[in-house]
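Now for the letters of each chain:
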Amino acid sequence: MRIRMKEAAARMFAYINKTYIPEIDQITNTKTVLLCQPMESSANEWKLYSLIDNSLIASFVLADMPGCCGISISTQANVYPKFRNRGLGLLLNRVRIDIATQLGYGLLICTSLEMSDPQQKILKHNGWSKLLSFRNPRTNNVVCLHAIELHKNYEALLKGEYK
């Protein structure tokens, strides 16, 4: 599985650069590059940097679901404060969906805090289904579990038609 992730992630760079980087550059008003760094086990951390000042713009992790190679977990998604409220979170959510689809996953899952209105709006806009909510006994936060079935409505999502 690790080899598949590395090879597929390497193929993603040309695709992402062609498909998304021009729009990301326009939103951030800088020249950007998306880098992928393999992590332990079967996860890859993706980081979006400004080429002008080397600042970190956003990051996220995609990992295999233990015990099921058809599910990917989207975690640690973050747009750094200087670049928030520009639509970048919405676009990068589509990037994660696109990458997971291109890597051959059938389902992408993530969690969010129920009180995070921007994240809830992004997930809903991009076609994620809220599966359940629960109170995390360790933090007392209400956490929502979301999933999106990949390949279903994929073309509409890429065209920005999935609302």
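Below, the structure is looked at part by part. Given the structure is predicted, the values throughout are model-derived calculations rather than measurements.

**Details of the overall build of the protein**
Scanning the protein from N- to C-terminus turns up 5 helices and 7 strands. The 163 residues of the protein split such that 41% are buried. When the accessible area of the protein is evaluated, it comes to approximately 9,000 Å², of which 54% is carbon and sulfur surface.

**Some words on the sheet that holds strand E4 (residues 68-79)**
A sheet is described by the order of its strands in space; here 7 strands give the open sequence E1-E2-E3-E4-E5-E7-E6, paired in mixed fashion. At either end of the open sheet lies a strand with only one pairing partner, and these are strand E1 (32-38) and strand E6 (129-135). Across the sheet, the axes of successive neighbouring strands diverge by a mean angle of 20°, strand direction being ignored. Bridge analysis of strand E3 (residues 56-65) against E4 gives 7 bridges, and the strand direction is antiparallel. When the bridges of E4 are listed, Ser-59 appears paired with Asn-78. Contacts from helix H3 (residues 88-102) reach strand E2 (43-50), E3, E4, strand E5 (107-113) and strand E7 (142-149), with the element oriented near 30° to E3.

**A short note on the side chain of Ser-50**
For Ser-50, the location among the structural elements is in strand E2. Classification of Ser-50 by relative accessible area gives buried; the value is 3%. At a separation of 3.2 Å, a polar atom in the side chain of Ser-50 contacts the side chain of Asp-53.

**So, H3**
Compared with the 21 Å implied by 1.5 Å per residue over 15 residues, the 21 Å span of H3 between its first and last C-alpha is a close match. In terms of residue burial, H3 counts as a mostly covered element, since 12 of its 15 residues are buried. Listed as buried for H3 are Leu-88, Leu-91, Leu-92, Asn-93, Arg-94, Val-95, Arg-96, Ile-97, Asp-98, Ile-99, Ala-100 and Thr-101. Backbone geometry just after H3 places Gly-104 at a positive phi near 95°.

**Some remarks on the nonpolar core**
In a soluble, globular protein the nonpolar side chains are often hidden away together inside. Core analysis: the biggest nonpolar cluster contains 29 residues, and Ile-24, Leu-48, Leu-88, Leu-92, Ile-99 and Leu-108 have the highest contact counts within it. Excluding residues that lie within four positions of it along the chain, Leu-108 makes contacts with Leu-62, Ser-72, Ile-73, Ser-74, Arg-96, Ile-97, Ala-100, Trp-128, His-146, Ala-147, Ile-148 and Leu-150.

**Digging into the pairing of E7**
Bridge count between E5 and E7: 7 bridges; the pairing is antiparallel. If you follow Thr-111 over to E7, its bridge partner there is Leu-145. In the sheet, E6 pairs with E7 via 6 bridges, with the strands oriented antiparallel. Its bridge partner being in E7, Leu-132 is matched across the sheet by Leu-145. In this structure, the hairpin formed by E6 and E7 is closed by a connection of 6 residues, where Asn-140 is found at a positive phi of approximately 70°.

**Some thoughts on the packing of aromatic side chains**
Counted by the stated rule, this structure contains 1 aromatic pair. Relative to Phe-60, the ring of Trp-46 has its centre 6.1 Å away and its plane inclined at 10°; by these criteria the two rings are stacked. You can see Trp-46 sitting in strand E2 and its partner Phe-60 sitting in strand E3, a full 14 residues away along the chain. Taking relative accessible area as the criterion, Trp-46 reaches 1% and is therefore assigned buried. Phe-60 sits in the buried class, given a relative accessible area of 2%. Lying over the aromatic face of Phe-60, Arg-96 brings its terminal NZ or CZ to 5.4 Å of the ring centre.

Definitions and limits used
Residues numbered from 1 in each chain as written. Predicted model: local features only at pLDDT ≥ 70, side-chain atom pairs only at ≥ 80, totals over all residues. Heavy atoms only, no water. Helix = DSSP H or I, 4+ residues; strand = E, 2+ residues; numbered from the N terminus. Buried < 20%, exposed > 50% of the residue type's maximum accessible area, 1.4 Å probe, protein only. Areas by Shrake-Rupley, 256 points an atom, 1.4 Å probe, with all protein chains shown as cover. Pairing = 2+ DSSP bridges. Axes fitted to C-alpha atoms, helices over the stretch in contact; angles between N-to-C directions. Contact = heavy atoms within 4.5 Å. Polar contact = N/O pair within 3.5 Å; in protein donor to acceptor, adjacent residues only side chain to side chain. Expected span 1.5 Å × (residues − 1). Core = buried A, V, L, I, M, F, W, Y, C linked by side-chain atoms within 4.5 Å. Phe/Tyr/Trp six-rings, centres within 6.5 Å; stacked < 30°, edge-to-face > 60°. Lys NZ or Arg CZ within 6 Å of the ring centre and 35° of its normal.

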